[in-house]
Every structure is written in C-alpha cells, then in structure tokens.
Amino acid sequence: MSQLQATGAPASPPPGSRGIDEILAAARARLDRLDPERAHVACRTGALLVDIRPAAQRAAHGTVPGALAVERNVLEWRFDPRCPARLPQVVGYDLPVVVICQEGYTSSLAAAALKDLGLWRATDVVGGFAAWRIAGLPVLGPTPLPPSPFPPPVTAARARR
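Colleague: With reference to specific residues and values, describe the overall build of the protein chain.
Modeller: Per the secondary structure count, the protein chain includes seven helices and four strands. Traced from its N-terminal end to its C-terminal end, the protein chain shows the element sequence α-α-β-α-β-α-β-α-β-α-α. When the 161 residues of the protein chain are sorted by exposure, 34% land in the buried category. Excluding contacts between residues fewer than 6 apart, the proportion of contacts in the protein chain whose partners are at least 24 apart in sequence is 65%. Approximately 9,800 Å² of the protein chain is accessible, and the part contributed by carbon and sulfur atoms is 60%.

Here is the structure:
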C-alpha cells in the first residue's frame, strides 16, 4: 500500500524517522538563539546578519539594512570555509553568523546546518524578520515587485464576461 492508508491517513512513520517538530527542537537545542534586540546588538558589534528568505519574500515584507541576502538553497556552499563557492566574508570557523528568516523557523534549521559545517558561533533570530519589525528595529521596504508585463491568465469566470 502507498504512504496513505485506505482511510486517507498517513501510514506509520518509518523506523528512525523524525517529525519536523523533533528536528526543529533538536536544531534549536544546539543554538543560543537571539531575540531581535540581542541580534541587532550582535550585528552592530561584528556579527554577520544573513537573510535566507527568497527575493519575493524580502520584497513583500522588507529587509534589514546591512543584512547579507543568501537564499536558503545555497547557504551551505556560501558558508563552508572549505568550499570554493564560499563568500569572501567566510574567513574561518569562528565567524559570528546570525541567520534571519520570516518567522524564525527555517532560520533555526539553517543555523544548525552552519554549525554542522563547523561555524560554531552560528545562531538565529527568535521570531525572525516579523519580530525584528515589531521590535521597531531598522528595516527597509517593503519594495513591491514591478507589475508583470504579461496579462493575467484567462479563467473560466473571466472568459464568461
């Protein structure tokens, strides 16, 4: 039978698998997470703030001035000190990195991945960009994306007009 039982409910998880709540808890147990105010102070004293949100999300919600945008799908390659594709800022394993996402979930997983690479000072922002903005810390934008040059798709409702 497939992953769904006849009732439509998921089958029993395979042995050794973990749910996302367990994975997230394990990642966060390894981090000294920073509230937005502590993250702001850390960045002002030399930590590198890394925004891992996709470009569309940064445009829709805004950005933190001075944050380095490195989307999640390339983060490990850009921050592995051993990798030829690393960023010029990645000069060693003691680099203080503070990861921020929209709400503070993906950033925890990303910061744990950086720790796996050996960046022992990596952490993230509790509550992410949303909490940063609510705390009244500096932000830019949002910057709306330009309108699409393409007409909207024709739907059944529009075709009947």
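Colleague: Describe in detail helix α2 (residues 36–44), supporting the description with residues and values.
Modeller: Note: α-helices contain 3.6 residues per turn, so residues at a spacing of three or four share the same orientation. Turning to α2, its buried residues are P36, A39, H40 and A42. Taken end-on, α2 shows its buried residues confined to a sector of 160°, consistent with a single buried face. The exposed residues of α2 that point more than 90 degrees off its buried face are V41 and R44. Contact partners of the buried residues in α2: β3 (97–100) and α6 (128–134).

Colleague: Report on the side chain of Q102, specifying residues and quantitative values.
Modeller: The residue Q102 is located in the loop between β3 and α5 (106–116) in this model. Given a relative accessible area of 12%, Q102 falls into the buried group. The residues touching Q102, leaving out its near neighbours within four places in the chain, are R53, Q57, H61, G127, G128, F129 and A130.

Colleague: Tell me what's going on with unusual backbone geometry, and back it up with residues and numbers.
Modeller: Look at the link from G141 to P142: it is a cis peptide, with omega at 15°. Tracing the backbone through its elements, the reader meets P142 in the loop between α6 and α7 (156–159).

Colleague: Run through the pattern of salt bridges, naming residues and quoting values.
Modeller: Counted according to the given criterion, the structure contains seven salt bridges. Among the salt bridges present, the one from E71 reaches R58, with a minimum N-O distance of 3.8 Å. Taken as a pair, E71 in the loop between β2 (68–69) and α4 (75–79) and R58 in helix α3 (residues 55–61) lie far apart in primary sequence, 13 residues in all. R58 sits in the buried class, given a relative accessible area of 16%.

Colleague: Lay out α5 with the relevant residues and their values.
Modeller: Listed as buried for α5 are S107, S108, A110, A111, A112, A113 and L114. Looking at the buried positions of α5, the neighbouring elements they touch are α1 (20–29), α4, β3 and β4 (123–124). Just beyond α5, the residue with positive phi is G118, at close to 110°.

Colleague: I'd like to hear about the pairing of strand β1 (residues 48–51), residue by residue, with values.
Modeller: One face of the sheet, then the other: side chains in a regular strand alternate in exactly this way. Covered by surrounding structure in β1 are L48 and V50 together with L49 and D51, the residues of both alternating faces. A crossover links β1 with its parallel partner β2, the connecting element being α3, and its sense is right-handed.

Colleague: Which residues make up the nonpolar core, and what values do they have?
Modeller: With 19 residues, the main nonpolar core has V50, L75, F79 and L114 as its most contacted residues. At the level of elements, β1, α4, β3 and α5 are the ones that each hand at least two residues to this core. Among all residues touching L75, those that are not within four sequence positions of it are V50, I52, V70, A110 and L114. Among the nonpolar cores identified, the runner-up in size contains twelve residues, and A39, A47, I100 and L137 belong to it.

Colleague: Before we move on, can you summarise the environment of D124 with the specific residues and values?
Modeller: When you line up the elements, D124 lands in strand β4. Residue D124 is classed as buried on the basis of its relative accessible area, which comes to 0%. Residues D124 and I100 lie 24 residues apart in sequence; the distance between their C-alpha atoms is 5.8 Å. With sequence-adjacent residues up to four places away left out, D124 is seen in contact with L31, R33, L34, V98, V99, G104, S107, S108 and A111. Within the structure, the side chain of D124 is placed 2.8 Å from the side chain of S107, a separation counted as a polar contact. Here the side chain of D124 touches S108 through a polar contact of 2.8 Å, side chain to side chain.

Definitions and cut-offs
- Residues numbered from 1 in each chain as written.
- Predicted model: local features only at pLDDT ≥ 70, side-chain atom pairs only at ≥ 80, totals over all residues.
- Heavy atoms only, no water.
- Helix = DSSP H or I, 4+ residues; strand = E, 2+ residues; numbered from the N terminus.
- Buried < 20%, exposed > 50% of the residue type's maximum accessible area, 1.4 Å probe, protein only.
- Contact = heavy atoms within 4.5 Å.
- Areas by Shrake-Rupley, 256 points an atom, 1.4 Å probe, with all protein chains shown as cover.
- Arc of directions from axis to C-beta.
- Salt bridge = Lys/Arg side-chain N within 4 Å of Asp/Glu carboxyl O.
- Right-handed = clockwise from strand over helix to strand, strands pointing away.
- Core = buried A, V, L, I, M, F, W, Y, C linked by side-chain atoms within 4.5 Å.
- Polar contact = N/O pair within 3.5 Å; in protein donor to acceptor, adjacent residues only side chain to side chain.

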